[in-house]
Amino acid sequence: MIVTFRPEFEPPWTGQAQVTSLTLSRLGQRETKTLVGRVAGGKTLPVEILDRIIEHTDGIPLCIEELTRALLESNFLREERGQFILSGPMPSLAIPSSLHDSLMARLDRLGPVKEVTQIGAAIGREFTYDVLKAVIGRPDDRLKASWTSWLKPD
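Section: the nonpolar core
Okay, step 1: Judged by nonpolar contacts, the single largest core of 13 residues is most densely connected at V36, L45, I49, I53, L71 and L77.
Okay, step 2: Contributions of two or more residues to this core are made by α1 (29-39), α2 (47-57) and α3 (61-73).
Okay, step 3: Considering every element that reaches this core, the biggest residue donor is α2, with 4 residues.
Okay, step 4: Not counting the four nearest positions on each side in its chain, L45 is found in contact with V36, A40, I53, L77 and F84.
Okay, step 5: Counting residues in each nonpolar core, the second largest holds 6 residues, with Y129, L132, I136 and L143 among its members.

The structure is reproduced here in structure tokens:
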């Protein structure tokens, strides 16, 4: 079994013969660039965008993935001949400064699906459509449209 946790957590199972601890460090620039490339589907990003991702994420894989996705979903980049290019000048506030800001920006772009997403998050990790329907109180046709939009894979 593999268990991950933050450094401040003190697991009760350390010191047992069957337990091996492995401390993972942050990703370096090369690994960050590789991860960004994978999230971008192998397409290159402008150097200034890649530099900002490296600067803002501090080598934390989840931050790298989320910030890259947020930028790919924004209107600041467009795909052209197998690479992403800037659509125009990018304001300094275009790149979220934290993982929370990045996730909130992505959530804001969901539009009407945002409410369903937030209610789903409040219900818990797993729930059925019937539970969501009982909680949200929307007409079935509108809720089904949001539900299927929300479940689309990346």
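Describing α2
Okay, step 1: Within α2, burial applies to I49, L50, I53, I54 and T57. Down the axis of α2, the buried side of the element spans an arc of 140°, and every buried residue falls inside it. Within α2, the exposed residues directed more than 90 degrees away from the buried face are V47 and E55.
Okay, step 2: Turning to α2, the residues buried within the fold contact α1, α3, β1 (77-80) and β2 (83-86).
Okay, step 3: Directly beyond the C-terminal end of α2, a positive phi value near 55° is found at D58.

Topic: α1
Okay, step 1: Every buried residue of α1 is listed here: T32, L35 and V36. Within α1, the buried residues cover an arc of 100° as seen down the axis, which keeps them to one side. Exposed and oriented more than 90 degrees from the buried face of α1 are R30 and R38.
Okay, step 2: Buried residues along α1 sit in contact with α2 and α3.
Okay, step 3: Positive backbone phi, at 65°, marks G41, one or two positions downstream of α1.

Side note on the pattern of salt bridges
Okay, step 1: Inspection of every chain in the model, using the stated rule, returns 6 salt bridges.
Okay, step 2: Taking the shortest distance from any N to any O, the salt bridge between R30 and E31 comes out at 3.6 Å.
Okay, step 3: A residue is classified by how much of its surface remains accessible, and R30, at 65% relative accessible area, is exposed.
Okay, step 4: We classify E31 as partly exposed; its relative accessible area is 34%.
Okay, step 5: Its salt-bridge partner being R81, residue E80 comes within 3.1 Å of it at the nearest N-O pair.
Okay, step 6: Judged by its relative accessible area of 26%, E80 falls in the partly exposed class.

Notes on a nonpolar patch on the surface
Okay, step 1: A cluster of nonpolar side chains, M1, V3, F5 and F9, forms an exposed patch at the surface whose accessible area comes to about 480 Å².
Okay, step 2: Structurally, the position occupied by V3 is in the segment before α1.

What to know about the side chain of T32
Okay, step 1: With respect to the helices and strands, the residue T32 is situated in helix α1.
Okay, step 2: The residues contacting T32, other than those within four sequence positions of it, are L27, I54, T57, G59 and I64.

Some remarks on unusual backbone geometry
Okay, step 1: Backbone geometry places D58, a non-glycine residue, at a positive phi of 55°.
Okay, step 2: Structurally, D58 is set in the loop between α2 and α3.
Okay, step 3: Its relative accessible area of 46% is what places D58 among the partly exposed residues.
Okay, step 4: In this structure, R81 takes a positive phi of about 50° despite not being glycine.
Okay, step 5: With respect to the helices, strands and loops of the structure, R81 is situated in the loop between β1 and β2.

So, how was this worked out
Residues numbered from 1 in each chain as written. Predicted model: local features only at pLDDT ≥ 70, side-chain atom pairs only at ≥ 80, totals over all residues. Heavy atoms only, no water. Core = buried A, V, L, I, M, F, W, Y, C linked by side-chain atoms within 4.5 Å. Buried < 20%, exposed > 50% of the residue type's maximum accessible area, 1.4 Å probe, protein only. Helix = DSSP H or I, 4+ residues; strand = E, 2+ residues; numbered from the N terminus. Contact = heavy atoms within 4.5 Å. Arc of directions from axis to C-beta. Salt bridge = Lys/Arg side-chain N within 4 Å of Asp/Glu carboxyl O. Patch = residues over 30% accessible without salt bridge, like charges linked within 9 Å, V, L, I, M, F, W, Y side chains within 5 Å. Areas by Shrake-Rupley, 256 points an atom, 1.4 Å probe, with all protein chains shown as cover.

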